[in-house]
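The chain contents come next:
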Amino acid sequence: MSANSSRSVAAHRMTLMSNAPRFALGQLVATPAALELLEQTGFSALALVSRHVHGDWGDCCDEDKATNEAAVRQRMRVMSVYRLVGAEALQQTPQDKRSSLPTLWIITEADRSATTLLLPSEY
């Protein structure tokens, strides 16, 4: 195989990535408690919403991630869970203890009319 044909085969195997949002957010709203938590922890609402709309579901279990993937395709409700701590602290916290960490949920409604940032206790 020549060098040119090797490059051609490799080019056909490339996966294209996109910065395009995976679904519409609708009206973006946040509860006062969610805004307070973001301010206390120094996390950016914009960065978290960007992760959500691009399919980074945060600290969800594999089953919830699969449910979100189906929800994007079938226009159902999409939910992300973000623990507002550093990556190292998150890694060091056992899965069954993570609910005690500062947590923000982002939920986009099935009809894509609104996306809400809220605390789990506000659901």
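Bear in mind the structure is a predicted one, so any value in this text is a computation, not a measurement.

Q: Residues and numbers for the pattern of salt bridges, please.
A: Counting across every chain of the model gives four salt bridges. Close ionic contact of Asp59 with Arg83 constitutes a salt bridge, the shortest N to O distance being 2.8 Å. Placement of Asp59 in the loop between helix H3 (45-53) and helix H4 (62-74) and of Arg83 in strand S2 (residues 78-83) is noted, with a sequence separation of 24 residues between them. Residues Asp59 and Arg83 agree in their burial class; the two are buried. The shortest N-O distance in the salt bridge between Arg98 and Asp59 comes to 2.6 Å.

Q: Go over the nonpolar core with me, naming the residues and quoting the values.
A: Grouped together as the largest cluster of nonpolar side chains are 12 residues: Phe23, Val53, Trp57, Cys60, Ala71, Val72, Val78, Met79, Val81, Trp105, Ile107 and Leu118. Where this core is concerned, the elements lending two or more residues are H4, S2 and strand S3 (103-108). In terms of residue count, S2 provides more of this core than any other element does, three residues in total. Excluding its chain neighbours within four sequence positions, the residues that come into contact with Met79 are His52, Cys60, Asn68, Trp105, Ile106 and Ile107. Counting 11 residues, the second-largest nonpolar core is a separate cluster that includes Leu37, Leu84, Leu104 and Ile106.

Q: With reference to specific residues and values, describe the sheet that holds strand S4 (residues 114-118).
A: Strand order in this open sheet of four strands is S1-S4-S3-S2, and the pairing throughout is mixed. In this open sheet, the two edge strands, each paired with only one partner strand, are strand S1 (27-30) and S2. Ignoring strand direction, the axes of neighbouring strands in this sheet form an average angle of 15°. Pairing of S2 with S3 involves six bridges; the strand directions are antiparallel. Counterpart to Tyr82 in the pairing with S3 is Leu104.

Q: Residue-level account of the packing of aromatic side chains, with values.
A: Within this structure, the stated rule accounts for two aromatic pairs. Summarising the aromatic geometry, the rings of Phe23 and Trp57 are spaced 6.3 Å apart at their centres and angled 20° between planes, so their arrangement reads as stacked. Here Trp57 lies in the loop between H3 and H4 and Phe23 lies in the loop between helix H1 (3-13) and S1, a separation of 34 residues in the sequence. Classification of Phe23 as buried rests on a relative accessible area of 8%. Of the residues examined, Trp57 reaches a relative accessible area of 3% and is grouped as buried. Relative to Tyr123, the ring of Trp105 has its centre 5.6 Å away and its plane inclined at 65°; by these criteria the two rings are edge-to-face.

Q: I'd love a proper account of the environment of Ala45, names of residues and values included.
A: Relative to the helices and strands, Ala45 resides in helix H3. Once residues within four sequence positions are removed from consideration, Ala45 is found in contact with Leu38 and Leu117.

Q: Got a sec to walk through the side chain of Arg83? Specific residues and values, please.
A: Taking the relative accessible area as the measure of exposure, Arg83 reaches 16% and is therefore buried. A polar side-chain atom of Arg83 sits 3.4 Å from the main-chain carbonyl oxygen of Arg98. Setting aside its immediate chain neighbours within four residues, Arg83 contacts Phe43, Asp59, Leu90, Arg98, Ser99, Leu101, Pro102 and Thr103.

The rules behind each value
Residues numbered from 1 in each chain as written. Predicted model: local features only at pLDDT ≥ 70, side-chain atom pairs only at ≥ 80, totals over all residues. Heavy atoms only, no water. Salt bridge = Lys/Arg side-chain N within 4 Å of Asp/Glu carboxyl O. Helix = DSSP H or I, 4+ residues; strand = E, 2+ residues; numbered from the N terminus. Buried < 20%, exposed > 50% of the residue type's maximum accessible area, 1.4 Å probe, protein only. Core = buried A, V, L, I, M, F, W, Y, C linked by side-chain atoms within 4.5 Å. Contact = heavy atoms within 4.5 Å. Pairing = 2+ DSSP bridges. Axes fitted to C-alpha atoms, helices over the stretch in contact; angles between N-to-C directions. Phe/Tyr/Trp six-rings, centres within 6.5 Å; stacked < 30°, edge-to-face > 60°. Polar contact = N/O pair within 3.5 Å; in protein donor to acceptor, adjacent residues only side chain to side chain.

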